[in-house]
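What follows is each chain in one-letter form.
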Amino acid sequence: MPMRQPDKTSLRKRYFYKLLTNITGAGISIVTQAIVPRCLGPKAYGDFNYLSSFFTQFSGFFDMGTSVCFYTRLSQRPNEKGLVDFYLFVTIAISCLTLILVVVAHATSSYSKLWPNQELIYIYYGAFGGILTWNASILNQMADAYGITVMSEIAKIVQRLLGLVALLLIAAFLLLDLQKYFYYTFASSLLLGGAFIFIIKEQGYYFNRKWMLTTKETADYMKEFYRYSSPFFASALVILVCRVLE
């Protein structure tokens, strides 16, 4: 399929849909906050927030501004398939590093010090959830960079409404506990990420090169991303250390 030109949707229309998504999300968040803490209880709800926040920030540390570079360069060069392929490698590497941290902490029995009073299974769930959330955000940035913001915002609204209905049904039947709530967040992130991929593909943008980057191309992209992202390293490190010491 030939690559399409970026959508020329007006800035005003994009802003309207972004605003609509934020308003919808705020309303759904209010309802969610009224349901979930009561169903889970204060400890379980606190554990969920702690682990989710930690691993989201941990992925952000390994990101070190590379996602900002990716969004900026993809906005400037939307037809450059190699750029997408390169960052696909980056996302896989960051996702693996996050999981490796948990595996090493598990193998060395240091997880109880890194994440005090947390069950091991939920630590893995937190890591997996953080990875899914971060990857969904990257796909969202891709949609914005390609100028298909309106469709991606509609997808987010639909996903949030469906998620709310599902959550209400689960809570109504008294089935909501910490494990199921993690499953619920996994499903939400996977649904949203899948919607972004579908929209991007339907617009003619996709990962079409099938891992065919040359060594020179890879080296050039690494240099480009390093020059752009290296100033973000110090701030990301400070944020991560503060989070670990909380």
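Everything below is about the structure shown above.
Scoring rules and cut-offs
Residues numbered from 1 in each chain as written. Predicted model: local features only at pLDDT ≥ 70, side-chain atom pairs only at ≥ 80, totals over all residues. Heavy atoms only, no water. Axes fitted to C-alpha atoms, helices over the stretch in contact; angles between N-to-C directions. Helix = DSSP H or I, 4+ residues; strand = E, 2+ residues; numbered from the N terminus. Parallel < 35°, antiparallel > 145°, perpendicular 65-115°, else oblique. Left-handed = near helix turned anticlockwise from the far one by under 90°. Contact = heavy atoms within 4.5 Å. Nonpolar A, V, L, I, M, F, W, Y, C, P; charged D, E, K, R; others polar. Polar contact = N/O pair within 3.5 Å; in protein donor to acceptor, adjacent residues only side chain to side chain. Buried < 20%, exposed > 50% of the residue type's maximum accessible area, 1.4 Å probe, protein only. Arc of directions from axis to C-beta. Core = buried A, V, L, I, M, F, W, Y, C linked by side-chain atoms within 4.5 Å. Expected span 1.5 Å × (residues − 1). Bend = angle between axes of the 7 residues up to and from the residue.

## Things to note about the packing of helix H3 (residues 66-76) against helix H9 (residues 215-229)
Between H3 and H9, whose axes approach to 9 Å, the crossing angle comes to 115°. Between H3 and H9, the angle is such that the two are roughly perpendicular. The hand of the H3/H9 crossing is right-handed. Contact residues: Thr66, Val68, Cys69, Phe70, Thr72 and Arg73 in H3; Glu224, Phe225, Tyr228 and Ser229 in H9. Its residues placed into classes, the contact of H3 with H9 shows five nonpolar, three polar and two charged.

## Quick notes on the environment of Ser67
Topologically, Ser67 is positioned in helix H3. Through-space distance from the C-alpha of Ser67 to that of Ser229 is 8.9 Å; in sequence the pair is 162 residues apart. With residues up to four places along the chain from it excluded, the contact list for Ser67 reads Tyr87, Ile138 and Gln141. Within the structure, the side chain of Ser67 is placed 2.7 Å from the side chain of Asp63, a separation counted as a polar contact.

## Side note on H3
Every buried residue of H3 is accounted for by Thr66, Ser67, Cys69, Phe70, Arg73 and Leu74. Within H3, the buried residues cover an arc of 155° as seen down the axis, which keeps them to one side. Each element contacted by the buried residues of H3 is listed here: helix H2 (42-63), helix H4 (81-107), helix H6 (120-145) and H9.

## Quick word on the nonpolar core
Counting residues in each nonpolar core, the largest one holds 26 residues, and the members touching the most others are Phe70, Leu74, Tyr87, Met142, Tyr146 and Phe225. Mapped onto this core, the elements with two or more residues apiece are H3, H4, H6, helix H8 (178-202) and H9. Discounting residues that sit within four places of it in the chain, Phe70 has contacts with Leu83, Val84, Tyr87, Ile138, Met142 and Phe225.

## Focus on helix H1 (residues 11-40)
With 30 residues, H1 should reach 44 Å at 1.5 Å per residue; the first-to-last C-alpha distance of 41 Å fits that figure. Where H1 bends most, the angle comes to about 30°, and this point is Thr32. For H1, every residue scored as buried is listed here: Tyr17, Thr21, Thr24, Gly25, Ile28, Thr32, Ile35, Val36 and Leu40. Where the residues of H1 are buried, they touch H2, helix H7 (149-172) and H8. Looking one or two residues past H1, Gly41 carries a phi angle of roughly 90°, positive in sign.

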